[in-house]
Amino acid sequence: MRVGQGYDSHRMRQGSGLSLGGLKIACDYEFIAHSDGDVLIHAIIDALLGAARLGDIGRHFPDTSEEFRGADSKVLLSKTKRLLDKAGYEIINIDSTVIIERPKLKGYIAEMEEGLEGLLGLDKGSVSVKAKTDEGLGAVGKNEAAKAYAIALIKKKA
Ligand code: MG
C-alpha cells in the first residue's frame, strides 16, 4: 500500500459560480485559473499521482498548454485514474479538506463525495470531503482564495 498527499489553491474574484469537487456551485464568486480552478479535484489528483509516484498535476496537465485552458477538472481526474490503472494501482480511499470562507459547502458535501466516487469507479464511502473556513484569516478569509488538501491510499492490483 502507498499513500500520497496533495494540495492546491486558487485565487477567487466576484463572478458567476465555482467549480468545486466536480459540482458547479452557484454563488457570487469564481476562480481565477487556467482550468476550471477546481482546487479540490486538483488536490486529489496530486494525492493520487504522488501515491503512485507519477509526478504532479503540472507535469501531466500543464497550465501553459492550450489543451487545458478552461479544462473540466472532472476529465483530468478521470485521466489520472487511467494513469493509475495503467501503472497497476487501485485506489483504496481518499480524504480531503476544502478551505473556503464563502459559500458554505455543508449542503454540497454528500453530492461531491458521491460524484467523485462515481468518477473514480469507487465504492460508496471511499471518498471523504470536509470543509472549513479560515476564520476570516488571510486571503481565504477575505474570499480572495480557496485551498484544498487531499490524501489518498492506493495499492498494487493483485
Ligand atoms: Mg489548481
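Look above for the structure.
Residues numbered from 1 in each chain as written. Predicted model: local features only at pLDDT ≥ 70, side-chain atom pairs only at ≥ 80, totals over all residues. Heavy atoms only, no water.

1. Quick look at the pairing of strand 6 (residues 127–132)
Both faces of the sheet carry side chains from a regular strand, because those side chains alternate between them. Examined bridge by bridge, strand 5 (residues 89–99) and strand 6 share six bridges and lie parallel to one another. Residue pairing across strands places threonine 97 opposite lysine 130, the latter belonging to strand 6. Between the parallel elements strand 5 and strand 6, the chain passes through helix 4 (residues 109–120) in a crossover that is right-handed. (Pairing = 2+ DSSP bridges. Helix = DSSP H or I, 4+ residues; strand = E, 2+ residues; numbered from the N terminus. Right-handed = clockwise from strand over helix to strand, strands pointing away.)

2. Description of the coordination of the magnesium ion
Here the magnesium ion is held by Asp8 (OD), His10 (NE2) and His42 (ND1), and the distances to it run 2.2 Å. One chain supplies every donor to the magnesium ion, and in sequence these donors are spaced D-x1-H-x31-H. With a gap of 34 residues between them, aspartate 8 in strand 1 (residues 2–14) and histidine 42 in helix 1 (residues 39–51) connect regions that are remote in the sequence. Grouping residues by exposure puts aspartate 8 and histidine 42 together as buried. (Donors = N, O, S within 2.8 Å, 3.2 Å for Na, K, Ca; no water. Buried < 20%, exposed > 50% of the residue type's maximum accessible area, 1.4 Å probe, protein only.)

3. Some points on the pattern of salt bridges
Summed over the entire model, instances satisfying the criterion amount to eight salt bridges. With its nearest N and O atoms 2.9 Å apart, the salt bridge here joins glutamate 30 to arginine 13. In this pair, glutamate 30 sits in strand 4 (residues 29–32) while arginine 13 sits in strand 1, placing the two residues 17 residues apart along the sequence. Of the charged contacts, one joins aspartate 85 and lysine 157 as a salt bridge, the two residues approaching to 3.6 Å between their closest N and O atoms. Here lysine 157 lies in the segment after strand 7 (145–156) and aspartate 85 lies in helix 3 (residues 73–86), a separation of 72 residues in the sequence. The class for aspartate 85 is partly exposed, based on a relative accessible area of 30%. Overlapping salt bridges bring together Lys81, Asp85 and Lys157 as one network. (Salt bridge = Lys/Arg side-chain N within 4 Å of Asp/Glu carboxyl O.)

The analysis is restricted to geometry; functional conclusions fall outside its scope.
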